[in-house]
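# Chain and residue survey
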Amino acid sequence: MPVVCSGCEGRPAVLKRPKTGHSLCRACFFWAFEEEVHQTVLSARLFRPGERVGIGASGGKDSTVLAHVMKVLNERYSYGLELVLLSVDEGITGYRDDSLETVRRNQQQYSLPLEVVSYQQLYGWTMDDIVRQVGWKNNCTFCGVFRRQALDRGAMMLKVDKICTGHNADDVAETVLMNVLRGDIARLRRCTAIMTGGGGEEGVGDGGVIPRCKPLKYAYEKEIVLYAYFNKLDYFSTECIYSPNAYRGHARAFLKDLEAVRPSSIVDVIHSGENLCVGVGVRMPVQGNCTRCGYISSQKLCKACVLLEGLNRGLPKLGIGKHQRLHDKILAQEPLSEKEERKLRAVDF
């Protein structure tokens, strides 16, 4: 005998929600998922009427569901937002070029403007070029740093007030675990924030950075997949070809094991991260601006400028690890010693 939907108590259920365990029909699941995102938007006061909001679009399930839900909620509840799509082309042959085709189809399906910025355009390097020089071990460091800054630069080109990203509950919980394992107190404090780079209700960016928000912060990855599947959304599902060795993969595997035993583990980890306090007297990095590009940074040079300098000098390890003592030499365009160059040129493939 078919299970009856616990929402409407009339239609047959088509799924059991991973997050709550409720058996729901398709319509009730859509409504519950969208309403939870709506409540997240309202409780965190993410937007104000009249704002121009850029949606980070990669063509994957998270960003596709984000674009779909934001368009639905904007119309249903009259948010009064002007939505635009923003994509970053990292220059990964066989991966990003295909996913951008999905983004362009999404643009047509949702009738939203689209802006694409590329690493080649911004930095003079593609990820394919970078991997050829640095190898596979630390390539995600380069991509993550460059991508964050590329998203901000693209947002400035579009003149948006805020950027939405498709980070879901699993992503946030993984980041909490990664920062705990690395002992990164500074990032641990801000990784659970639903909005970063802004002053909350006023939306004023720190150091000129456009505020970013995560409307899907409490949405489980499994439910995002189900939402995309039952809505027949058009998304790209291939993993990045350079990500198999990423450190995040270990945190993800651990989190999946926890979720199998206790489904609420994902939200529990997030709430733990939200409630962690830094002890009195602990020295925290002071945010300033990069003296070269003006981007937000706690050092004289931002991470992107250091990584780029290393690539251009043929010293790929310059931005990997702690090399702040070399920043003065880099700013003064002074040559490094033979010992320093030898240490920074070594690459672990």
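None of the values given here were measured: they were computed from a predicted structure.

## Let's talk about the pairing of strand β4 (residues 82-89)
Within a regular beta strand, the side chains point alternately toward one face of the sheet and then the other, so they alternate between its two faces. Counting buried residues in β4 gives six out of eight residues, a clear majority hidden from the surface. Direction of pairing for strand β3 (residues 52-56) relative to β4: parallel, over a ladder of five bridges. Its bridge partner lying in β4, Gly56 is registered against Leu86. Considered for its hand, the β-α-β crossover made up of β3, helix α2 (residues 61-76) and β4 is right-handed. Examined bridge by bridge, β4 and strand β5 (residues 114-118) share five bridges and lie parallel to one another. Each residue of the ladder has a partner; that of Leu86, found in β5, is Glu115. Crossover β4 to β5 through helix α3 (residues 96-110) is right-handed.

## Considering the packing of aromatic side chains
Throughout the structure, instances matching the rule amount to twelve aromatic pairs. With centroids separated by 4.4 Å and ring planes inclined at 25 degrees, the aromatic side chains of Tyr123 and Phe146 adopt a geometry described as stacked. With Tyr123 in helix α4 (residues 119-123) and Phe146 in helix α6 (residues 139-158), the pair connects residues that are 23 residues apart, well separated along the chain. No difference in accessibility class separates Tyr123 from Phe146, as the two residues are buried.

## Observations concerning the packing of helix α7 (residues 169-182) against helix α11 (residues 265-275)
As a packed pair, α7 and α11 sit with axes 9 Å apart at the nearest point and diverge in direction by 55 degrees. Judged by the inter-axis angle, α7 sits oblique to α11. For α7 against α11, the interelement crossing comes out left-handed. For the pair α7 and α11, the contacting residues are Ala169, Asp170, Val172, Ala173, Val176 and Leu177 in the first and Ile266, Val269, Ile270 and Gly273 in the second. Its residues assigned to classes, the contact of α7 with α11 comprises eight nonpolar, one polar and one charged.

Calculation criteria
Residues numbered from 1 in each chain as written. Predicted model: local features only at pLDDT ≥ 70, side-chain atom pairs only at ≥ 80, totals over all residues. Heavy atoms only, no water. Buried < 20%, exposed > 50% of the residue type's maximum accessible area, 1.4 Å probe, protein only. Helix = DSSP H or I, 4+ residues; strand = E, 2+ residues; numbered from the N terminus. Pairing = 2+ DSSP bridges. Right-handed = clockwise from strand over helix to strand, strands pointing away. Phe/Tyr/Trp six-rings, centres within 6.5 Å; stacked < 30°, edge-to-face > 60°. Axes fitted to C-alpha atoms, helices over the stretch in contact; angles between N-to-C directions. Parallel < 35°, antiparallel > 145°, perpendicular 65-115°, else oblique. Left-handed = near helix turned anticlockwise from the far one by under 90°. Contact = heavy atoms within 4.5 Å. Nonpolar A, V, L, I, M, F, W, Y, C, P; charged D, E, K, R; others polar.

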